[in-house]
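Structural overview for review
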Amino acid sequence: MSHTAHIPSHRKPRQRASKSALRAGVAGGVLSTIAVAGAAGPAQAEPVTQTIEMPTITSGLSTAVAASAQATQQVALDLETQAHEDAAAESAAKKAKKAKAEAVRKAEAKKKAEAAAKARAEAEAQERAERASRTAERTTLSAPSSSSSGNSASTSAPSSAPSSSSNATGSAAAIVAFAKAQVGDAYVSGGTGPNAWDCSGLVQAAYRTVGIDLPRVSQSQSTAGTQVSLDNLQPGDILYWGGAGSAYHVAIYVGDGQFVGAQNSSTGTVQRSMDYDRPSGAVRVL
């Protein structure tokens, strides 16, 4: 038996074929399995593909951002509106406060005006009452003097008229000039100048300019000199209303039938005719 014939007897061709078939089957099964797995692979990967789809996520985010921006804008508008309302309320409050202050000021001004008018009316009424009282007192005082004069009064010569202020010289002229310079000043009870006086304060200050120190009050000033007739007055004489020693008002005769006196709070210091308010008597100090 040859060498070449011996070899085929040991190879067992049928068994090799069987193994080859088995291998082929195994390989085919593996490949089929791989093929099936490969075919199944895309089905299992579909959720991943759906998960990474961006259009849906991007659309939702854009809507949310737009809504947030709109909400922010609305808040800004609300804040701006509130600021305007607060400013308007503050402006209205300021205007109301100003209007109230103006109303209070006008009410106070009206009240002061009414009080001043009332004071003037009272002062005028008081002046009329004092004038009536002085007239009554002069009538009472003139009756005894007429009876005591007897027949001599009827035979006496007419007295001379009051002298003119142009005749005033020296101290009398200085007193008259001072008194006239105070016309227009206010009347204040107890006033002694320089811009407000009462009746006796003005007379005292006028005489002080020439070095004469008179008493402070009208009662004492009405007896500070020599009693003179109202028909024989000279500039600088002191006029008084009421009785000598109990006078309630005094003034300075300045000539030409005129006097200067601090009358009352409504008229102040004035120059008036003696016919306006006839005095009761007069004294001469110079």
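The structure we're discussing is the one just above.
Keep in mind that this is a model prediction, so the values were computed, not measured.

What follows covers the pattern of salt bridges. A side chain with one charge may pair with a side chain of the opposite charge, provided their charged atoms come close. Under the criterion given, the structure shown has five salt bridges. In this structure, Lys94 engages Glu90 in a salt bridge whose closest nitrogen and oxygen atoms are separated by 3.7 Å. Here the residue Lys94 and the residue Glu90 both occupy positions in helix α3 (residues 54-155), the gap between them amounting to four residues, near one helical turn. For Arg278, the salt bridge identified is with Asp231, shortest N-O distance 3.9 Å. Taken together, the residues Arg278 in the loop between β7 (268-273) and β8 (281-284) and Asp231 in the loop between β3 (226-228) and β4 (238-241) connect sequence positions 47 residues apart. Exposure remark for Asp231: the relative accessible area of 34% places this residue in the partly exposed category.

Another point: the packing of aromatic side chains. Taken as a whole, this structure holds two aromatic pairs when the rule is applied. On the numbers, 6.0 Å between centres and 80 degrees between planes, the contact of Phe178 with Trp197 is edge-to-face. One end of the pair, Phe178, is in helix α4 (residues 170-181); the other, Trp197, is in strand β2 (residues 196-197), with 19 residues separating them in the sequence. Look at Trp197 and you get buried, because its relative accessible area is 3%. On the numbers, 5.4 Å between centres and 65 degrees between planes, the contact of Trp241 with Phe259 is edge-to-face. You can see Trp241 sitting in strand β4 and its partner Phe259 sitting in strand β6 (residues 258-264), a full 18 residues away along the chain. Under the relative-accessibility criterion, Phe259 is labelled buried at 0%. One Lys or Arg, Arg272, reaches over the ring of Tyr276 and ends 4.3 Å from the middle of that ring.

What follows covers α4. Because the α-helix completes a turn every 3.6 residues, residues three or four places apart line up on one side. With 12 residues, α4 extends 17 Å between its outermost C-alpha atoms, agreeing within 8% with the 16 Å of an ideal straight helix rising 1.5 Å per residue. Restricting attention to buried positions, one finds in α4 the residues Ala172, Ile175, Val176 and Ala179. Along α4, the residues classed as buried sweep out an arc of 95 degrees about the axis, all on the same side. Away from its buried face, by an angle of more than 90 degrees, α4 presents the exposed residues Gly170 and Ala181. Buried residues along α4 sit in contact with α5 (199-208), β5 (249-255) and β6.

A separate point is the pairing of β6. Of all the seven residues making up β6, six are buried; the element is thus mostly covered by neighbouring parts of the structure. Note that β5 and β6 share three bridges and pair antiparallel. The residue of β6 that forms the bridge with Tyr253 is Phe259. Connecting β5 to the next strand, β6, in antiparallel fashion are two residues, including Asp256 with a positive phi near 55 degrees. In terms of strand pairing, β6 meets β7 through six bridges, oriented antiparallel. Counted as the bridge partner of Val260 is Gln271 from β7. Remark: three residues form the turn of the hairpin made by β6 and β7, two consecutive strands paired antiparallel.

On to the sheet that holds β8. Taken together, the six strands give an open sheet; going across it, the order is β3-β8-β4-β5-β6-β7, and neighbouring strands pair in antiparallel fashion. Whereas interior strands pair on both sides, the edge strands pair on one side only; in this sheet they are β3 and β7. Averaged over all neighbouring strand pairs, the angle between strand axes comes to 35 degrees, with direction disregarded. Across three bridges, β3 lies against β8 in antiparallel orientation. From the neighbouring strand, Gln227 faces β8, where its bridge partner is Val283. Strand contacts of α4: β5, β6 and β7, with the helix running at about 115 degrees to β5, the strand carrying the most contacts. Sitting on the sheet, α5 is in contact with β4, β5, β6 and β7, with an inclination near 45 degrees to β5.

Analysis parameters
Residues numbered from 1 in each chain as written. Predicted model: local features only at pLDDT ≥ 70, side-chain atom pairs only at ≥ 80, totals over all residues. Heavy atoms only, no water. Salt bridge = Lys/Arg side-chain N within 4 Å of Asp/Glu carboxyl O. Helix = DSSP H or I, 4+ residues; strand = E, 2+ residues; numbered from the N terminus. Buried < 20%, exposed > 50% of the residue type's maximum accessible area, 1.4 Å probe, protein only. Phe/Tyr/Trp six-rings, centres within 6.5 Å; stacked < 30°, edge-to-face > 60°. Lys NZ or Arg CZ within 6 Å of the ring centre and 35° of its normal. Expected span 1.5 Å × (residues − 1). Arc of directions from axis to C-beta. Contact = heavy atoms within 4.5 Å. Pairing = 2+ DSSP bridges. Axes fitted to C-alpha atoms, helices over the stretch in contact; angles between N-to-C directions.

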